[in-house]
Amino acid sequence: EAQVTQNPRYLITVTGKKLTVTCSQNMNHEYMSWYRQDPGLGLRQIYYSMNVEVTDKGDVPEGYKVSRKEKRNFPLILESPSPNQTSLYFCASSRQGPGPQHFGDGTRLSIL
Amino acid sequence: QQQVKQSPQSLIVQKGGISIINCAYENTAFDYFPWYQQFPGKGPALLIAIRPDVSEKKEGRFTISFNKSAKQFSLHIMDSQPGDSATYFCAASSGGSNYKLTFGKGTLLTVNP
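Residues numbered from 1 in each chain as written. Chains lettered and ligands numbered in written order. Predicted model: local features only at pLDDT ≥ 70, side-chain atom pairs only at ≥ 80, totals over all residues. Heavy atoms only, no water.

1. Some points on the sheet that holds strand S8 (residues 72–77) of chain B
Residue and element names in this part refer to chain B.
- The five strands are arranged S1-S3-S8-S7-S6 in an open sheet whose pairing can be described as antiparallel. The sheet is open, and its two edges are formed by strand S1 (4–7) and strand S6 (56–59), each paired on a single side. Strand-to-strand twist in this sheet, taken as the mean axis angle between neighbours without regard to direction, amounts to 15°.
- Here strand S7 (residues 62–67) pairs with S8 via six bridges, running antiparallel. Each bridged residue has a counterpart across the sheet, and for Asn67 the counterpart in S8 is Gln72. (Pairing = 2+ DSSP bridges. Helix = DSSP H or I, 4+ residues; strand = E, 2+ residues; numbered from the N terminus. Axes fitted to C-alpha atoms, helices over the stretch in contact; angles between N-to-C directions.)

Have a look at this one:
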């Protein structure tokens, strides 16, 4: 089954404690992306990757890092999380370019 | 700067009615306009998409209308059903070296039985 898998699905943590949200796709897609979803703000792109070792900033990259060492994986790293990064995060992938994208089911992060 | 403006924020429609959601964009370099549907607890799923070389695209009960000169596009859901109740997002992106995808803020559609 074609899917984008995110882990963890839920996480409550504290300010400053480094965390990584993993994202894996099994469709051999070249393009992967991370979004955050906040009430009233919709989905905002954090980072995207056109292919292995090729990443670029989206609209809200501050406080986040990504890496793309393998085609299937695109982890999102919060080196020093802060409360304003409390949000619902989605990973997505597509064959090439930004669409059509397959989304994961989301990771809800709460940073206290 | 909000590059894709979506309206309304919420919409209530009776079963069998037509749901219309509108989006406007500013960046004339945008060349791909998808609509996504999101149910609670799930990630968005692509519903239908259009490129600016056509003015309309229809898939089943869902139609995108595109007006390039006005820089507007809209989603029409014909014969709306309670199962269509979800949040809908329009989005836009441009090709070339910029593959950012910009979303509207979403419309919560409720279809009453």
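Still to come is the rest of the account.
2. Re the interface of chain A and chain B
- Of the residues lining the interface, 23 residues belong to chain A; the matching set on chain B comes to 19 residues.
- At the boundary of chain A with chain B, total buried surface from both sides reaches about 1,700 Å², with 56% on carbon and sulfur atoms.
- Our count for the chain A to chain B interface comes out at three residue pairs in polar contact (both at pLDDT 80 or more).
- Where the side of chain A that touches chain B is concerned, the elements lending two or more residues are strand S4 (31–38) and strand S5 (42–51) of chain A.
- The class makeup of the residues in the side of chain A that touches chain B is ten nonpolar, nine polar and four charged. (Contact = heavy atoms within 4.5 Å. Buried area = accessible area lost by both parts, 1.4 Å probe. Polar contact = N/O pair within 3.5 Å; in protein donor to acceptor, adjacent residues only side chain to side chain. Nonpolar A, V, L, I, M, F, W, Y, C, P; charged D, E, K, R; others polar.)

3. Observations concerning the sheet that holds strand S1 (residues 4–7) of chain A
Residue and element names in this part refer to chain A.
- If you walk across this open sheet you meet the four strands as S1-S3-S8-S7, and the pairing is antiparallel. Bordering the open sheet on either side are S1 and strand S7 (65–66), each of which pairs with just one other strand.
- Bridging between S1 and strand S3 (residues 19–25) involves four bridges; their strand directions are antiparallel. In the strand pairing of S3, Gln6 is matched with Cys23.

4. Here we look at the pattern of salt bridges
- Applying the stated criterion to the full structure yields six salt bridges over all chains.
- Notably, a salt bridge pairs Asp38(A) with Arg44(A), separated by 2.9 Å at the nearest N-O pair.
- A relative accessible area of 25% means that Arg44(A) is categorised as partly exposed.
- Taking the shortest distance from any N to any O, the salt bridge between Lys57(B) and Glu59(B) comes out at 3.7 Å.
- The partly exposed category is assigned to Lys57(B), whose relative accessible area is 32%. (Salt bridge = Lys/Arg side-chain N within 4 Å of Asp/Glu carboxyl O. Buried < 20%, exposed > 50% of the residue type's maximum accessible area, 1.4 Å probe, protein only.)

5. Describing a nonpolar patch on the surface
Residues and elements named next belong to chain A.
- Residues Ile12, Val14 and Leu112 make up a contiguous nonpolar surface patch of roughly 330 Å² in combined accessible area.
- Relative to the helices and strands, Ile12 is located in strand S2 (residues 10–13).
- Judged by its relative accessible area of 64%, Ile12 is exposed. (Patch = residues over 30% accessible without salt bridge, like charges linked within 9 Å, V, L, I, M, F, W, Y side chains within 5 Å. Areas by Shrake-Rupley, 256 points an atom, 1.4 Å probe, with all protein chains shown as cover.)

6. Comments concerning the nonpolar core
All names here are of chain B.
- Core analysis: the biggest nonpolar cluster contains 24 residues, and Phe33, Trp35, Phe73, Leu75, Tyr88 and Leu109 have the highest contact counts within it.
- Going through the elements one at a time, strand S2 (10–14), strand S3 (19–25), strand S4 (33–38), strand S5 (45–50), S7, S8, strand S9 (86–93) and strand S11 (107–112) are the ones with two or more residues in this core.
- Tallying contributions element by element places S9 first for this core, with four residues. (Core = buried A, V, L, I, M, F, W, Y, C linked by side-chain atoms within 4.5 Å.)

7. With respect to the environment of Tyr36(B)
- Relative to the helices and strands, Tyr36(B) resides in strand S4.
- We classify Tyr36(B) as buried; its relative accessible area is 0%.
- The spacing of Tyr36(B) and Thr87(B) is 51 residues in sequence and 8.3 Å in space, taken between C-alpha atoms.
- Within the structure, the side chain of Tyr36(B) is placed 3.0 Å from the backbone nitrogen of Gln101(A), a separation counted as a polar contact.

8. Observations concerning the state of the cysteines
Residue and element names in this part refer to chain A.
- A full pass over the atoms with the stated rule returns two disulfides over all chains.
- Here Cys23 engages in a disulfide with Cys91; their sulfurs sit 1.9 Å apart. Its S-S torsion of about -75° marks the bond between Cys23 and Cys91 as left-handed, since a negative value means left-handed. You can see Cys23 sitting in strand S3 and its partner Cys91 sitting in strand S9 (residues 87–94), a full 68 residues away along the chain. (Disulfide = S-S within 2.5 Å.)

9. A look at the packing of aromatic side chains
- Considering all chains together, one arrives at 18 aromatic pairs over all chains under this definition.
- Between Tyr25(B) and Phe66(B), the ring centres sit 6.2 Å apart and the planes meet at 15°, which makes this aromatic pair stacked. Taken as a pair, Tyr25(B) in strand S3 and Phe66(B) in strand S7 lie far apart in primary sequence, 41 residues in all.
- Accessibility expressed as a relative area gives 6% for Tyr25(B), which makes it buried.
- Note on Phe66(B): relative accessible area 7%, which makes it buried.
- Site record: aromatic cluster; members linked through ring pairs are Tyr35(A), Phe90(A), Phe103(A), Tyr36(B), Phe89(B) and Phe103(B). (Phe/Tyr/Trp six-rings, centres within 6.5 Å; stacked < 30°, edge-to-face > 60°.)

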